[in-house]
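Observations on chain architecture
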Amino acid sequence: QVQLVESGGGLVQAGGSLRLSCAASGRTFSRYSMGWFRQAPGKAREIVAAVSWSGGTSYYADSVKGRFTISRDNAKNTVYLQMTNLKPEDPAVYYCAADRYPRVGVTRSPEGYDDWGQGTQVTVSS
């Protein structure tokens, strides 16, 4: 099991920026694909972004393309989600997740991930 701890959530005005961090404990973090998901009240968990173990492949949901950036620092066992131009539709609990058994590319479905953080709340004010 990989333990993941998210941080960086909070309240921000629409149009503002926020950076989420996910610190991972594990022996082979550099081999994991990592993803960010979010879940708003009453809605299913949805993918926001994902990055391959090498950092060479990434995926973004259409709703966040051009606004969010996923990155990772394998030396620090940390994955980041830089969020800019936050919109009223972005508030949710954001989770990072680890796919410990990645294949080619990245996995988009929550079922493809093995370990999850506790989540961090992002709130956007008008």
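We now turn to the structure provided with this report. (Residues numbered from 1 in each chain as written. Predicted model: local features only at pLDDT ≥ 70, side-chain atom pairs only at ≥ 80, totals over all residues. Heavy atoms only, no water.)

1. Brief notes about the overall build of the protein
Along the protein, the regular secondary structure elements total 0 helices and 11 strands. Along the protein, helices and strands appear, N-terminal first, in the series β-β-β-β-β-β-β-β-β-β-β. Taking 14 Å as the expected radius of gyration for a compact globule of 126 residues, we find that the protein reaches 13 Å, a close match to that expectation. Summarising its shape, the C-alpha atoms of the protein cover approximately 40 × 25 × 25 Å along the three principal directions. (Helix = DSSP H or I, 4+ residues; strand = E, 2+ residues; numbered from the N terminus. Rg over C-alpha atoms; globule rule 2.2 N^0.38 Å.)

2. Focus on the sheet that holds strand 3 (residues 18-25)
The strand order across the open sheet formed by 4 strands is 1-3-8-7, and the pairing between neighbours is antiparallel. Since the sheet does not close on itself, it has two edges, and those belong to strand 1 (3-7) and strand 7 (68-73), each with one partner. For this sheet the average axis-to-axis angle between neighbouring strands, irrespective of direction, equals 15°. When strand 3 meets strand 8 (residues 78-83), the two strands line up antiparallel, connected through 6 bridges. Bridge assignment links L20 to a residue of strand 8, and that residue is L81. (Pairing = 2+ DSSP bridges. Axes fitted to C-alpha atoms, helices over the stretch in contact; angles between N-to-C directions.)

3. Section: unusual backbone geometry
Here N77, not a glycine, exhibits a phi torsion of approximately 55°, which is positive. Relative to the helices and strands, N77 resides in the loop between strand 7 and strand 8. Given the relative accessible area of 19%, N77 is considered buried. Notably, N85 is not glycine yet its phi reads approximately 50°, a positive angle. Mapped onto the fold, N85 is located in the loop between strand 8 and strand 9 (92-99). (Buried < 20%, exposed > 50% of the residue type's maximum accessible area, 1.4 Å probe, protein only.)

4. Notes on the nonpolar core
One broad trend across soluble globular proteins is that nonpolar side chains are buried collectively. Ranked by size, the top nonpolar core spans 29 residues in total, and within it M34, W36, L81, M83 and Y94 carry the most contacts. Of all elements in the fold, only strand 3, strand 4 (33-39), strand 5 (46-51), strand 7, strand 8, strand 9 and strand 11 (120-125) reach the threshold of two or more residues within this core. Setting aside residues no more than four positions away along its own chain, Y94 makes contact with E6, L20, W36, F37, R38, V48, F68, L81, M83, G119, T120 and V122. (Core = buried A, V, L, I, M, F, W, Y, C linked by side-chain atoms within 4.5 Å. Contact = heavy atoms within 4.5 Å.)

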